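Here is what each chain is made of, one letter per residue.
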Amino acid sequence: MEEENGGVVVQSLIETVNEIASISDYRCAVKKQYCNLARRLKLLTPMLEEIRDSKDSIISQQTLKALVFLKQALDSAKDLLKFGSEGSKIYMVLEREQIMNKYHEVTAKLEQALSGISYEILDISDEVKEQVELVLAQFRRAKGRVDATDVELYEDLLSLYNNTDDSAKDLAVLRRLSEKLQLMGIADLTQESLALHEMVTATGGDPGENIEKMSMLLKKIKDFVQTENPNLDAPAKEKNVLPSGSGQAFADGSHKTPAIPDDFRCPISLELMKDPVIVSTGQTYERSCIEKWLESGHETCPKTLQKLSSAALTPNYVLRSLIAQWCEANGIEPPKRPTSYGSNKTASTYSPAELTKTEILLHKLASGSLEDQRSAAGEIRLLAKRNADNRVAIAEAGAIPLLVDLLSTPDSRTQEHAITALLNLSICEDNKGSIVLAGAVPGIVHVLKKGSMEARENAAATLFSLSVVDENKVTIGSLGAIPPLVTLLSEGTQRGKKDAATALFNLCIYQGNKGKAVRAGVVPTLMCLLTETGGGMVDEALAILAILASHPEGKAIIGAAEAVPVLVEFIRNGSPRNRENAAAVLVHLSSGDQKHLVEAEEHGVMGPLVDLAQNGTDRGKRKAQQLMERISRFFEQQKHTQAQAEAHIQQPQPSAMANSGDS
């Protein structure tokens, strides 16, 4: 029995060390210590393998107990290292003292476990014994060592949190933080957001002050990165392709299927996700696939095999929007999301005391007192921001219609609270439909037209959130939201312009809204954004133009706006994403109207197109190839026509005598 138990324990130890060896990319705040810890633990593999393969396979009870204790220590180390690889970067800086205390506890436990093994009675080689003794000595030396912390990183985060004005000093701090924390791209920012979400899940849904502080810091860093680098794009590790019947049609009639980025595929089905949701481990799956997995009795994450702390599924709106943008960019019908999920509606876990507090706030909202309404709307705004349970419970209590009524209040502060509360509530999937059904869209449009700048920005963000649901795109477009969004895009702050652009892009995925946007004057506004100093909105402007150019009205207005020279310049000198979108616009303009091809060729487009066809993104290469083929075909036709005309002129004409016959 001891032999059997011993073999199981040793094999389990080997598997745990192998799992530790597979963990990588530790956060900068703990990188040195965690890399050293993982490296030392990998050195235990030879000892464990020799014990497993030993001829004397009977393990004594004393050694078995020591190995079980080592297994517990290794499990603690694995959890620590996993968090060091996947956890929040901001958290690891702010709470570094707590993190390092945990690190020293784990190393002390490992040192104690390794010291408790009697190596002389184990059937292992002298070389392996020496290696384990070396590991043990390293753990003993590391036990009392305290490494210097990155004080500047910690102080920068505190300074950013405590400073409310957007000073030039803040910009320098934000630049240092984004670089040191390696939060420079959309994938990094999304992963950090998911890490914070996982921490909220681990706390049972109540994030507390520290996590709210970290969320605020992340938002500041994200806003800075998007402002400084508007060319952010989703990672596209493209391997698989779409099923036949989808994809980009070419001018010659061929049909090529673009590769699906790995991040857009469900890890279970390996298909493009329609309704991506996040589980408690932070991994994203197609809702129907993960629901089937859970209904089959599984309690682990399919990808990481970690035990799920809860069965809650949180919609991944960021990823869903990126998938929709990618589909639009590649001429693919965006995947239709199921409109209902049976009885899986989220239920709140509010306590009686919390329900009573919410009822009091709703009573104030319904009162005629402006002060009561303002304070209650402000409190609901904060509660709805805090966690998912609050959002569900507040909606279930009947707050949404009362907040909708306050959108038309003449008091600007109350209006700001009401629209922001609705924005926060709309994060919950089930609340989106409730908000639209409560007749909120006309009120949101009113705020978008008449509210303060903060209220207008949040109104635009709310419309974007609601428009994630496909049927809401139609409703929002039909109720007059597009013209005020175009106005905000023109005259808003940088944040307001980005909120408006995001909402317009999402709404214009629906074909019926494209004409509305064109008639609202969005094209001249977008052309101005392409040429404004700083170019902070170029990426958004070109992305929207690429959508609108596929609409007959959009194509006509863009063509009349003298866009060709600007587009050629972006194809020549833009970022990879700018180049592909500029080429996409030009492809639409030149379809059926060859004067734009002539104009583009006159502005020297062929050289940049050759470069784009060789060095651009996959979509950029396709667009460049289409344009080069059209330009070549057009000028070949011109030469042929000219040659025919010249041949006709040079052909000898019959003489008058010959024509008169023999008369």
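Residues numbered from 1 in each chain as written. Predicted model: local features only at pLDDT ≥ 70, side-chain atom pairs only at ≥ 80, totals over all residues. Heavy atoms only, no water.

**Details of the overall build of the protein**
Logical step 1: Helix and strand counts for the protein come out as 34 helices and seven strands.
Logical step 2: A buried classification covers 49% of the 663 residues belonging to the protein.
Logical step 3: For the protein, the proportion of contacts with a sequence separation of at least 24, taken over those separated by at least 6, is 71%.
Logical step 4: For the protein, the accessible surface area stands at approximately 31100 Å², while carbon and sulfur atoms represent 51% of it. (Helix = DSSP H or I, 4+ residues; strand = E, 2+ residues; numbered from the N terminus. Buried < 20%, exposed > 50% of the residue type's maximum accessible area, 1.4 Å probe, protein only. Contact = heavy atoms within 4.5 Å. Areas by Shrake-Rupley, 256 points an atom, 1.4 Å probe, with all protein chains shown as cover.)

**Quick notes on helix α8 (residues 151–162)**
Logical step 1: In this model, α8 (twelve residues) spans 17 Å end to end at C-alpha, consistent with the 16 Å of a helix rising 1.5 Å per residue.
Logical step 2: Within the span of α8, buried status applies to Leu153, Asp156, Leu157 and Leu160. For α8, the angular spread of the buried residues around the axis is 95°, confining them to a single face. (Expected span 1.5 Å × (residues − 1). Arc of directions from axis to C-beta.)

**A closer look at the confidence of the model for the protein**
Logical step 1: Per-residue pLDDT for the protein has a mean of 80; in total, 84% of the residues score no lower than 70.
Logical step 2: Ignoring residues within four places in sequence, the model shows residues 339–347, a span with pLDDT below 50, making twelve contacts including any to other chains. (pLDDT = per-residue confidence, 0-100.)

**So, the environment of Ile59**
Logical step 1: Its place among the elements puts Ile59 in the loop between α3 (45–52) and α4 (61–86).
Logical step 2: C-alpha separation for the pair Ile59 and Leu122, spaced 63 residues apart in sequence, amounts to 8.3 Å.

**As for the packing of aromatic side chains**
Logical step 1: Enumeration according to the criterion identifies three aromatic pairs in this entry.
Logical step 2: When the centroid spacing of 5.8 Å and the interplanar angle of 85° are considered together, the rings of Phe83 and Tyr91 count as edge-to-face.
Logical step 3: Overall, the relative accessible area of 30% leaves Phe83 in the partly exposed class.
Logical step 4: Among the residues examined, Tyr91 registers a relative accessible area of 13% and is labelled buried.
Logical step 5: Aromatic rings pair up to connect Tyr26, Tyr34 and Tyr103 into one cluster.
Logical step 6: Here the basic side chain of Arg40 rests over the ring of Phe139, its NZ or CZ set 5.9 Å away from the ring centre. (Phe/Tyr/Trp six-rings, centres within 6.5 Å; stacked < 30°, edge-to-face > 60°. Lys NZ or Arg CZ within 6 Å of the ring centre and 35° of its normal.)

**Some thoughts on the sheet that holds strand β7 (residues 314–315)**
Logical step 1: As summarised here, the arrangement of the three strands in space is β6-β5-β7, forming an open sheet in which the pairing is antiparallel. In this open sheet, the two edge strands, each paired with only one partner strand, are β6 (284–286) and β7.
Logical step 2: The pairing of strand β5 (residues 276–278) with β6 spans three bridges and is antiparallel. Bridged to Val277 within β6 is Tyr285.
Logical step 3: In the packing of helix α12 (residues 287–295) onto the sheet, contacts are made with β5, β6 and β7, and the angle to β6 comes to roughly 95°. (Pairing = 2+ DSSP bridges. Axes fitted to C-alpha atoms, helices over the stretch in contact; angles between N-to-C directions.)

**Some thoughts on the pattern of salt bridges**
Logical step 1: Taken as a whole, this structure holds 21 salt bridges when the rule is applied.
Logical step 2: Note that Arg140 and Glu111 form a salt bridge whose closest N and O atoms lie 3.3 Å from each other. Taken as a pair, Arg140 in helix α7 (residues 126–143) and Glu111 in helix α6 (residues 96–115) lie far apart in primary sequence, 29 residues in all.
Logical step 3: We classify Glu111 as buried; its relative accessible area is 10%.
Logical step 4: The shortest N-O distance in the salt bridge between Arg495 and Glu457 comes to 3.2 Å. Taken together, the positions of Arg495 in helix α24 (residues 494–507) and Glu457 in helix α21 (residues 453–466) put the pair 38 residues apart, joining distant regions of the chain.
Logical step 5: Looking at Arg495, the relative accessible area reads 34%, which means it is partly exposed. (Salt bridge = Lys/Arg side-chain N within 4 Å of Asp/Glu carboxyl O.)

**Regarding helix α19 (residues 429–437)**
Logical step 1: For α19, the complete set of buried residues consists of Glu429, Asn431, Lys432, Ile435 and Val436. The arc enclosing the buried residues of α19, seen along the axis, measures out at 150°, which places them on a common side.
Logical step 2: Remark: Gly439 follows α19 within two positions and exhibits a positive phi of approximately 75°.

**Let's talk about the environment of Val132**
Logical step 1: Of note, Val132 is situated in helix α7.
Logical step 2: In this structure Val132 comes out as buried when scored by relative accessible area, which is 1%.
Logical step 3: Taking the C-alpha atoms as reference points, Val132 and Leu41, 91 residues apart in sequence, are found 9.6 Å from one another.

**Considerations on the side chain of Thr409**
Logical step 1: As for its position among the elements, Thr409 is in the loop between α17 (399–405) and α18 (412–425).
Logical step 2: At a separation of 3.3 Å, a polar atom in the side chain of Thr409 contacts the main-chain amide nitrogen of Asp411.
Logical step 3: What Thr409 contacts, discounting residues up to four positions off in sequence, is Leu370, Thr414 and Gln415. (Polar contact = N/O pair within 3.5 Å; in protein donor to acceptor, adjacent residues only side chain to side chain.)

**Considering unusual backbone geometry**
Logical step 1: Residues other than glycine seldom take positive phi values, yet Gln182 does so here, at roughly 55°.
Logical step 2: Despite not being glycine, Glu562 shows a phi value in the positive range, around 55°.
Logical step 3: Tracing the backbone shows Glu562 in the loop between α28 (552–560) and α29 (564–573).
Logical step 4: The exposure class assigned to Glu562 is exposed, which follows from its relative accessible area of 63%.

**Describing the side chain of Ser590**
Logical step 1: Along the polypeptide, Ser590 turns up in helix α30 (residues 576–590).
Logical step 2: The exposure class assigned to Ser590 is buried, which follows from its relative accessible area of 4%.
Logical step 3: Setting aside anything within four residues of it in sequence, one finds Ser590 in contact with Leu597, Leu627 and Arg630.

**Quick look at a negative patch on the surface**
Logical step 1: Taken together, the side chains of Asp126, Glu127, Glu130 and Glu133 make up a negatively charged region of the molecular surface.
Logical step 2: In this structure, Glu127 sits in helix α7. (Patch = residues over 30% accessible without salt bridge, like charges linked within 9 Å, V, L, I, M, F, W, Y side chains within 5 Å. Lys, Arg positive; Asp, Glu negative; His and termini not counted. Charge placed at Lys NZ, Arg CZ, Asp CG, Glu CD.)

**Let's talk about the packing of α4 against α6**
Logical step 1: α6 packs onto α4 with a crossing angle of 155° between their chain directions and a minimal axis gap of 9 Å. Between α4 and α6, the angle falls in the class roughly antiparallel. Two packed elements cross with a definite hand, and for α4 against α6 that hand is left-handed. The segment α4 lies against α6, with Phe69, Leu70, Gln72, Ala73, Leu74, Ser76, Ala77, Leu80 and Phe83 engaging Ile99, Lys102, Tyr103, Val106, Lys109, Leu110, Gln112, Ala113 and Leu114.
Logical step 2: Of the residues assigned to the contact of α4 with α6, the class counts are 13 nonpolar, three polar and two charged. (Parallel < 35°, antiparallel > 145°, perpendicular 65-115°, else oblique. Left-handed = near helix turned anticlockwise from the far one by under 90°. Nonpolar A, V, L, I, M, F, W, Y, C, P; charged D, E, K, R; others polar.)

**Quick word on the packing of α29 against α30**
Logical step 1: It is at 8 Å that the axes of α29 and α30 come closest, and there the two elements cross at 145°. Between α29 and α30 lies a crossing of left-handed hand. Mapping the contact onto sequence places Val564, Leu567, Phe570, Ile571 and Arg572 in α29 and Asn578, Arg579, Ala582, Ala583, Val585, Leu586 and Leu589 in α30.
Logical step 2: Among the residues forming the contact of α29 with α30, the class breakdown is nine nonpolar, one polar and two charged.

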